[in-house]
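Spelled out, the chains give:
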Amino acid sequence: MSERVLMKGNEALAEAAISAGCKCFFGYPITPQTEISAYLSKRLPKVGGVFLQAESEIAAINMVYGCAGTGTRCMTSSSSPGISLKSEGLSYIAGADLPCVVINVQRGGPGLGGIQPSQADYWQATRALGHGDFHVIVLAPSTVQEMADLVTRAFDLADEYRMPVMLLADGLLGQMMEPVVFKKREENGKSFDKSWAANGHGGKRKHNIINSLYLEATELEEKIHERFKRYDEIKAKHTMAESYMTDDADVIIAAYGSTARLARTAAEKARSLGIKAGVFRPITLYPFPVNELREATKTAKRVLVCEMSMGQMVDDVRLALECKIPVDFFGRTGGIIPKPEEILEKLKGV
Amino acid sequence: MPDFQRPKSLCDIPTHYCPGCTHGIVHRLVAEIIDELGIENNTVGVCPVGCSVMAYDYFACDMMEASHGRAPAVATGVKRALPDKVVFTYQGDGDLAAIGTAETVHAATRGENITIIFINNTTYGMTGGQMAPTTLPGQVTQTTPYGRNTDTEGFPVRVSEMLATLSGVALAERVAVYDPKSVANAKKAIRKGFDFQLKKQGFSIIEVLSTCPTNWGMTPVAALDRVKNELAAYYPLGVFKEGAVRNFNA
Amino acid sequence: MADTHEIKAVLAGFGGQGILFAGKLLAYFGLLDEKEVSWLPSYGPAMRGGTCNCSVTVSDKPVGSPLITEPNVLFVMNTPSYDKFIATVEAGGTAFIDETLVSAENIRGDIKSFFVPATALATEHGLKGAANIILLGKFLKEVPFTSKDTVRKALEKNTPAKKPQMFESNLKAFDIGYNFI
């Protein structure tokens with residue numbers, strides 16, 4: 001398909017996952033991401049794939065562990081409270097160096113929270129998806145088109161670096177419809193080494209072991225160092241960000257995902273009032289696009305971070321700018337979507 | 001008569017199991033069956049947390065270590081990706097009947113075409129002998145120092161009987177390994193489990209009453225006697241369900 | 001009249017009235033006309049028989065916030081929705097109101113309000129369930145941001161394969177609204 005079609009973010013993501021070669025999906029219903037499951041339950045069996053509704057989020061992520069361990073492209077999706085349940089499995093998947101894609105269509109928290117859009121899981125996604133010394137790559141789409149494009153990217157990055165990749169979306173992106181164009185995937189794209197997979201050795205090699213247990217501390221340390229070297233390579237090669245009207249900007253709004261759309265509208269309104277505003281939008285949240293942010297804020301006198309939370313990404317912005325530029329914050333939380341006008345008001349005060 | 005040899009599907013390395021522990025016997029039975037069926041090349045085993053956590057080093061087929069209780073979910077992921085491979089889990093009682101109850105019950109009720117070897121030794125062996133869901137009434141453990149009191153700690157779980165009520169189960173059988181005859185019988189049961197799987201006929205679980213001399217504070221011989229006299233009295237040996245469920249994904 | 005370069009519509013009513021569908025059709029008009037569009041529903045328990053609404057933007061520029069808090073078009077099919085949203089309409093905006101179901105007390109002088117007995121008209125013409133499309137017809141008459149041809153195509157695209165007769169009845173409903181004076 002190369003025509004523009006109107007689709008919900010959740011559905012566009014699901015369709016793109018199939019064209020990215022996702023063979024198996026394991027999930028559990030939770031608002032506002034259930035359309036992903038519903039869509040895949042319809043489509044995956046028709047293309048020779050597997051859809052399984054698990055008994056719990058915990059089971060679903062462990063099914064992903066088993067499936068990924070065979071070298072098969074697979075995915076699970078959930079929303080905030082469900083991601084907390086998956087954190088044990090995610091830690092094991094990271095510890096066993098398995099590639100998989102995990103979707104978080106964020107809603108308000110903590111606890112059962114609410115079901116409206118939120119960005120309050122930034123810290124969880126970028127710092128603490130589970131116990132232990134590890135990271136996952138975190139990608140943040142901002143449009144329905146990006147919901148589709150980034151899921152493809154996520155599968156490739158996962159395979160290339162043998163690690164989980166999370167798409168951190170929110171209820172707004174999951175539920176809204178926008179035109180999307182499904183790009184034709186290069187058939188002979190990169191093939192990834194899966195010689196580590198536990199899929200039956202066929203008598204042709206020593207048995208493969210998928211494992212995260214290292215009782216020798218030195219061995220475990222070595223393993224973690226090796227993993228962090230990979231993270232360094234990802235930092236060097238794969239950070240992504242978008243800068244909008246930043247060239248001459250006095251003030252930069254830094255925002256990701258849905259909030260970046262609102263920031264854009266606010267910046268345009270500010271420009272029409274004579275305020276030189278621009279928008280910096282990280283697309284990779286881990287690794288955070290530090291250099292891109294520094295570049296985008298070259299002329300800036302101030303930075304305003306906007307989030308649908310009490311302020312989480314703002315930490316990364318401050319760390320990246322090393323206190324060289326003052327950083328303010330504006331956020332709405334609990335499921336409230338900030339209005340561009342509110343951002344503009346805050347901008348005027350900055 | 002051929003020499004008594006290590007089955008090909010067991011790696012030639014010493015295990016970490018305590019003297020007198022029956023894990024070794026059950027490992028051997030599973031490996032013998034894998035050899036007899038000629039399926040080592042096509043088998044993936046899953047071992048979660050518990051004394052058998054390092055069984056991935058002992059079996060010569062491809063292996064996965066799973067988090068505590070999640071082996072049936074991990075095995076489901078493997079089997080759904082590779083429906084033609086043989087997938088088994090090897091789980092203890094704390095793993096299968098406490099922290100992993102949900103995964104066990106749902107893999108069973110889905111009729112997931114996998115085979116579970118379930119070691120019931122009425123205690124948490126690896127962490128030093130705490131109360132398990134299978135600990136017998138009155139049994140002293142590290143966390144039931146006055147004996148398991150059913151008023152406060154509840155009753156032992158009879159897993160095979162419970163799972164036998166589920167439509168997805170092709171085989172639920174309890175065996176023991178306290179003497180040569182019971183070992184031979186256990187082997188027959190495990191073989192049946194793999195046969196059901198090879199014919200894509202549903203979920204199979206073989207519960208094996210086993211010893212833990214270290215944490216029971218007994219000699220290996222006394223431990224075998226306890227299995228025969230005490231465990232088998234509370235957990236009767238036998239077949240609780242047997243029969244093809246359906247042609248799974250055939 | 002609303003600016004046809006950027007339609008920012010809020011559609012609201014009871015679940016089951018086809019509010020989300022009417023919104024989806026609006027978005028489709030924009031899609032087929034090669035414009036930027038977004039459609040955002042209210043979601044969650046609100047869908048279960050309670051009130052429901054959606055925000056639809058059809059614009060020449062990329063859409064910022066898909067959530068519309070100050071619509072230039074309001075489309076309402078029940079009194080609670082009228083009461084909730086009428087004050088949010090931009091001055092100079094337009095409101096389309098199903099007169100059969102809405103008892104409007106607060107009539108704003110700074111917007112243009114069109115009262116259409118859409119539900120009564122639907123019943124009268126044997127088009128039960130198509131009041132949303134009748135109201136949409138009036139909307140397109142007064143805010144002509146797309147062509148009849150596009151409307152026809154959008155209706156075609158959104159006719160379920162299992163109910164092909166829906167196309168003709170929706171087209172008929174659309175015309176009834178379009179020609180309502």
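The residue count restarts for each chain, going from 1 along the sequence in the order it is written. For this description, chains carry letters from A and ligands carry numbers from 1, given in the order in which they are written. Totals for whole chains, interfaces and linings use all residues, but because this is a predicted model, local features are given only for residues with pLDDT of at least 70 and pairs of side-chain atoms are given and counted only at 80 or more. Excluded from the side-chain calculation are hydrogens and water; included are all heavy atoms of the structure.

Chemist: Now, about the overall build of chain B: what can you tell me, with residues and values included?
Modeler: For helices the rule is a DSSP run of H or I covering at least 4 residues; for strands it is a run of E covering at least 2, with both sets numbered from the N terminus onward. The number of helices and strands found in chain B is nine helices and nine strands. Here the C-alpha atoms of chain B give a radius of gyration of 17 Å, agreeing with the 18 Å that 2.2 N^0.38 yields for 250 residues. With the C-alpha coordinates aligned to their principal axes, the bounding extent of chain B is approximately 50 × 45 × 30 Å. Type-normalised accessible area, obtained with a 1.4 Å probe on protein chains alone, sets the label of each residue: buried when under 20%, exposed when over 50%, and partly exposed for intermediate values. The buried share of chain B, taken over its 250 residues, is 59%. Expressed as a percentage of contacts within chain B between residues at least 6 apart in sequence, the contacts between residues at least 24 apart total 70%. This count recognises Lys and Arg as positive and Asp and Glu as negative, with His and chain-terminal groups excluded. Working definition for charges: the position is that of NZ of Lys, CZ of Arg, CG of Asp or CD of Glu. Taking the average location of the 22 positive side-chain charges in chain B and that of its 24 negative ones, the two points are 6 Å from each other. Throughout, radius of gyration means the C-alpha value; the globule benchmark is 2.2 Å times the number of residues raised to the power 0.38. By definition, residues are in contact when any of their heavy atoms lie within 4.5 Å.

Chemist: Requested: an account of the sheet that holds strand β1 (residues 43-47) of chain B, with residues and values cited.
Modeler: When DSSP finds two or more bridges between two strands, those strands count as paired. Pairing is mixed across the open sheet formed by eight strands, whose spatial order is β9(A)-β2(B)-β1(B)-β3(B)-β4(B)-β8(B)-β7(B)-β9(B). The two strands at the open ends of the sheet, each matched to only one other strand, are β9 (209-210) of chain A together with β9 (238-242) of chain B. Two strands pair when backbone bridges link them, and β1(B) and strand β2 (residues 62-65) of chain B are joined in this way by four bridges, in the parallel orientation. Following the sheet pairing, Val44(B) is matched in β2(B) by Asp62(B). The axes are straight lines fitted to the C-alpha atoms, using for helices just the contacting stretch, and the angles between their N-to-C directions are given from 0 to 180°. Running over the sheet, helix α2 (residues 71-81) of chain B touches β1, β2, β3 (86-92) and β4 (115-120) of chain B and is turned about 175 degrees from β3(B).

Chemist: Can you explain helix α8 (residues 217-237) of chain A? Please cite residues and give values.
Modeler: All names here are of chain A. How far a helix is expected to stretch is found by multiplying one less than its residue total by 1.5 Å. The terminal C-alpha atoms of α8 lie 30 Å apart, and with 21 residues this matches the ideal 30 Å at 1.5 Å per residue to within 8%. Turning to α8, its buried residues number three or more, namely Ile224, Arg227, Arg230, Tyr231 and Ile234. Relative to the axis of α8, the buried residues are bounded by an arc of 110 degrees and lie together on one face. Away from its buried face by more than 90 degrees, α8 exposes Thr218, Glu222, Lys229, Ala236 and Lys237. Where the residues of α8 are buried, they touch α4 (80-95), β6 (137-139), α6 (144-161) and β13 (284-286). To obtain the arc, one takes the directions from the helix axis to the C-beta atoms.

Chemist: I'd like a description of the packing of helix α5 (residues 148-157) of chain C against helix α6 (residues 165-178) of chain C, backed by residues and values.
Modeler: All names here are of chain C. Where α5 contacts α6, the axes come no closer than 10 Å and their chain directions differ by 145 degrees. For the element pair α5 and α6, the recorded crossing hand is right-handed. Along the contact surface, α5 presents Lys148, Val151, Arg152, Leu155 and Glu156, while α6 presents Phe167, Asn170, Leu171, Phe174 and Asp175. Gly is placed with the polar residues, together with every amino acid not listed as nonpolar (Ala, Val, Leu, Ile, Met, Phe, Trp, Tyr, Cys and Pro) or charged (Asp, Glu, Lys and Arg). Of the residues contributing to the contact of α5 with α6, the split by class is five nonpolar, one polar and four charged. In a left-handed crossing the near helix is turned counterclockwise from the far helix by less than a right angle, and in a right-handed crossing that turn is clockwise.

Chemist: An account of the packing of aromatic side chains is needed here, citing residue identities and associated values.
Modeler: Only Phe, Tyr and Trp rings are paired, with Trp represented by its six-membered ring, and only when their centres lie within 6.5 Å; those with planes under 30 degrees apart are stacked, over 60 edge-to-face, the remainder tilted. Per the counting criterion, the structure on display carries 14 aromatic pairs over all chains. A centroid spacing of 5.1 Å and a plane angle of 70 degrees characterise the contact between Tyr234(B) and Tyr235(B), whose relative ring orientation is edge-to-face. Note on accessibility: Tyr234(B) and Tyr235(B) belong to one class, buried. Each member of the aromatic cluster is reached from another via a ring pair, and the members are Phe29(C), Phe96(C), Phe114(C), Phe139(C) and Phe145(C). Only lysine NZ and arginine CZ atoms are considered, and such an atom sits over a ring when it is within 6 Å of the ring centre and within 35 degrees of the ring normal. Positioned above the aromatic ring of Tyr234(B) is the side chain of Arg158(B), whose terminal nitrogen or guanidinium carbon lies 4.0 Å from the ring centre.

Chemist: Describe the nonpolar core, listing the residues and the values that go with them.
Modeler: In this structure, Met75(A), Val151(A) and Val317(A) are the most contacted members of the largest nonpolar core, which totals 149 residues. When residues of this core are assigned to their parent elements, the largest contribution, 10 residues, is made by α6(A). Each of domain 1 (4-198 + 225-237) and domain 2 (242-349) of chain A contributes no fewer than three residues to this core. Working definition of a nonpolar core: buried Ala, Val, Leu, Ile, Met, Phe, Trp, Tyr and Cys residues. They are joined through side-chain atoms within 4.5 Å. Judged by nonpolar contacts, the second largest core, of 47 residues, contains Ala22(C), Val58(C), Ala122(C) and Ile134(C). Domain start and stop points were drawn from an automatic or database domain assignment.

Chemist: I'd like a description of a negative patch on the surface, backed by residues and values.
Modeler: Residue and element names in this part refer to chain A. On the surface, a cluster of negative charge is contributed by Glu216, Glu219, Glu221 and Glu222. With respect to the helices and strands, glutamate 216 occurs in the loop between β9 and α8. Here glutamate 216 falls in the exposed class, since its relative accessible area comes to 51%. Think of a patch as exposed residues, more than 30% relative accessible area, with no salt bridge, where like charges cluster within 9 Å and nonpolar side chains (Val, Leu, Ile, Met, Phe, Trp, Tyr) cluster within 5 Å. Using a 1.4 Å probe, the Shrake-Rupley method yields the accessible areas, and only the shown protein chains count as cover for residues. Take a side-chain nitrogen of Lys or Arg and a carboxyl oxygen of Asp or Glu: if they are within 4 Å of each other, that pair is a salt bridge.

Chemist: Go over the sheet that holds strand β2 (residues 24-27) of chain A with me, naming the residues and quoting the values.
Modeler: All names here are of chain A. Spatially, the seven strands line up as an open sheet ordered β3-β2-β4-β5-β7-β6-β13, and their pairing is mixed. The two strands at the open ends of the sheet, each matched to only one other strand, are β3 (50-53) and β13. Direction aside, the axes of adjacent strands within the sheet are offset by 20 degrees on average. Direction of pairing for β2 relative to strand β4 (residues 74-78): parallel, over a ladder of two bridges. Residue cysteine 24 lies in a different strand from β4, and its bridge partner there is cysteine 74.

Chemist: Quick rundown of the domain arrangement of chain A? Include the residues and the values.
Modeler: Residue and element names in this part refer to chain A. Split by domain assignment, chain A resolves into domain 1 (4-198 + 225-237) and domain 2 (242-349). Averaged C-alpha coordinates put domain 1 and domain 2 at centres separated by 26 Å. Listed by partner, the interface residues are 31 residues for domain 1 and 26 residues for domain 2. For the pair domain 1 and domain 2, the summed buried surface comes to about 2,400 Å²; carbon and sulfur atoms form 53% of the total. At the boundary of domain 1 with domain 2, the tally comes to three salt bridges. Across the pair arginine 261 and glutamate 178 runs a salt bridge, and its minimum N-O distance is 2.6 Å. What gets called buried area is simply the loss in accessible area from a 1.4 Å probe that two parts show on being joined, summed for both.

Chemist: Which residues make up the arrangement of the chains, and what values do they have?
Modeler: No other pair among the two pairs of chains in contact exceeds the contact count of chains A and B. The two units chain B and chain C remain apart, with a minimum C-alpha distance of 28 Å.

Chemist: Talk me through the interface of chain A and chain B; I want residue IDs and the actual numbers.
Modeler: Counting from both sides, the interface comprises 35 residues of chain A and, opposite them, 36 residues of chain B. Of the roughly 2,500 Å² buried between chain A and chain B, counting both surfaces, carbon and sulfur atoms make up 59%. Summed over the three residues of chain A that lose the most area to chain B, namely Glu55(A), His201(A) and His207(A), the buried surface amounts to 21% of that side. In this structure, the connection of chain A to chain B is made through three salt bridges. Put simply, Arg110(B) and Glu55(A) hold a salt bridge, and the shortest N to O gap is 2.9 Å. Pairing of N or O atoms within 3.5 Å defines a polar contact, subject to two protein rules: one partner must be a possible hydrogen donor and the other a possible acceptor, and residues neighboring in sequence count only if both atoms are side-chain atoms. The tally of links from chain A across to chain B stands at 22 residue pairs in polar contact (both at pLDDT 80 or more).

Chemist: Residues and numbers for the state of the cysteines, please.
Modeler: Throughout, a disulfide means two cysteine sulfur atoms within 2.5 Å of one another. Tallying each qualifying case throughout the model produces zero disulfides over all chains. Distance from the sulfur of Cys47(B), which forms no disulfide, to the nearest cysteine sulfur (Cys61(B)) is 8.3 Å. Cys54(C) provides the cysteine sulfur closest to Cys52(C), a residue in no disulfide bond, and the two sulfurs are 6.9 Å apart. The class for Cys52(C) is buried, based on a relative accessible area of 8%.

Chemist: If you had to explain the interface of chain C and chain A to someone new, which residues and values would you point to?
Modeler: Contacts between the two partners involve 23 residues from chain C, matched on the other side by 24 residues from chain A. Note on chain C versus chain A: buried area summed over both sides is about 1,900 Å², and carbon and sulfur give 64% of it. Viewed at the interface, chain A and chain C are joined by one salt bridge. Close ionic contact of Lys157(C) with Glu3(A) constitutes a salt bridge, the shortest N to O distance being 4.0 Å. The interface formed by chain C and chain A contains six residue pairs in polar contact (both at pLDDT 80 or more).

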